[in-house]
Amino acid sequence: MPETISYKEVIIVIIAGSLIFLFLAGIMIFILLFYQKKRFQHRHQFLQLQNSVQQELLRAQLESQEGAFRQIGEEIHDNVGQLLSSTKILLAITERSLPEVPDTLRTASETLAQAIRDLRSLSKSLTKEYLERFNLIENLRTEAERINTARTVSVEVQTSLPAMPLTTESQIMLFRIVQEAMQNAIKHAEASSIRIHIRFEGPAIGLTITDDGKGLPAAVQRPQGLGLLNMERRTHLLGGSIRWDSTEGSGTRIQILLPAQNLEQ
């Protein structure tokens, strides 16, 4: 006669089965969570690597641009500047040989002298080595003076900071951003006034570039063009943000904010 299973034994079997099931389920959940964690880590590492590659490519591009700027600056200084200086000497010799110097010749000589000064200033602003010897604010003021000499555009630099608490590389990068903004305001927006304001905003640095030019067309939702994209890229390399506020016919305001981690301690 078959042996009957008691109620107590049934309960024990059910409990044992449940424990085994829970144990196996726990193992499966652990494996799934471990897999998800590893997947997240791999994706995070991939994104970091992708971002690092993009940053290196961008740095290489900007370094190439700096090299081109340096070559242009040297070309202006060594060749164009020398040719103009030689021409000025010839004009001076001609003036001395004349009993009376015509006003047109005197004006041409003065204009040429001004052109030589402007070219020298421009060649310095394109040369990285020159920038490394001075702080950003001094170079911005020098650039403003160079533009103001033409008397077609008024550029003003406003700040209470004696120097920018940024590394030399960061200062050069920020200088290029402001240079691009001023050139856009002059060439494309046809501005007659540009104001650059630099200040501390809490632990960060705020820089605002305001012009009274034509502004961006209403249909343009985001600034386009290689120059503007380079401004964005340089700002992002500095870990900062850049924003354009513009109304067609009412000028443009560019706001740049650099976070505290880019400040030298």
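The preceding data block contains the structure.
Here's a quick rundown of the structure. (Residues numbered from 1 in each chain as written. Predicted model: local features only at pLDDT ≥ 70, side-chain atom pairs only at ≥ 80, totals over all residues. Heavy atoms only, no water.)

### Comments concerning the pairing of strand β1 (residues 154-159)
The condition is simple: When accessible area is computed with a 1.4 Å probe and restricted to protein chains, residues below 20% of their type maximum are described as buried, those above 50% as exposed, and intermediate ones as partly exposed. Each helix is a run of H or I in the DSSP string that is no shorter than four residues. Each strand is a run of E no shorter than two, and both are numbered from the N terminus. At least two bridges found by DSSP between two strands are what make those strands a pair.
Residues Val155, Val157 and Thr159 line the buried face of β1, whereas the alternating positions Ser154, Glu156 and Gln158 sit on a face that is not buried. The pairing of β1 with strand β2 (residues 193-201) spans six bridges and is classified as parallel. Each residue of the ladder has a partner; that of Glu156, found in β2, is Arg195.

### Considering the sheet that holds strand β3 (residues 204-211)
The test is simple: Note on method: axes are straight lines fitted to C-alpha atoms, helices fitted across the in-contact stretch only, with angles between N-to-C directions ranging 0 to 180 degrees. Here, two residues are considered to be in contact whenever any of their heavy atoms come within 4.5 Å of each other.
Ordered in space as β1-β2-β3-β5-β4, the five strands form an open sheet in which the pairing is mixed. The two strands at the open ends of the sheet, each matched to only one other strand, are β1 and β4 (241-246). When the angles between neighbouring strand axes are averaged without regard to direction, this sheet yields 15 degrees. The sheet strands contacting helix α6 (residues 226-237) are β4 and β5 (252-258), and the helix crosses β4 at an angle near 145 degrees.

### Looking at the nonpolar core
Keep this limit in mind: Only buried residues count toward a nonpolar core, which is a set of Ala, Val, Leu, Ile, Met, Phe, Trp, Tyr and Cys residues joined through side-chain atoms within 4.5 Å.
Core analysis: the largest hydrophobic core is formed by 35 residues, its most contacted members being Met164, Leu174, Ile196 and Ile198. When contributions to this core are tallied by element, the ones reaching two or more residues are α4 (136-148), β1, α5 (168-187), β2, β3, α6, β4 and β5. One finds Leu91, Val101, Leu112 and Ile116 within the second-largest nonpolar core, a separate group that totals five residues.

### A look at the environment of Leu91
Turning to its location among the elements, Leu91 is positioned in helix α1 (residues 7-97). Since its relative accessible area comes to 19%, Leu91 is described here as buried. Taking the C-alpha atoms as reference points, Leu91 and Ala108, 17 residues apart in sequence, are found 8.7 Å from one another. Not counting residues up to four positions away in its chain, the partners in contact with Leu91 are Leu105, Ser109 and Leu112.

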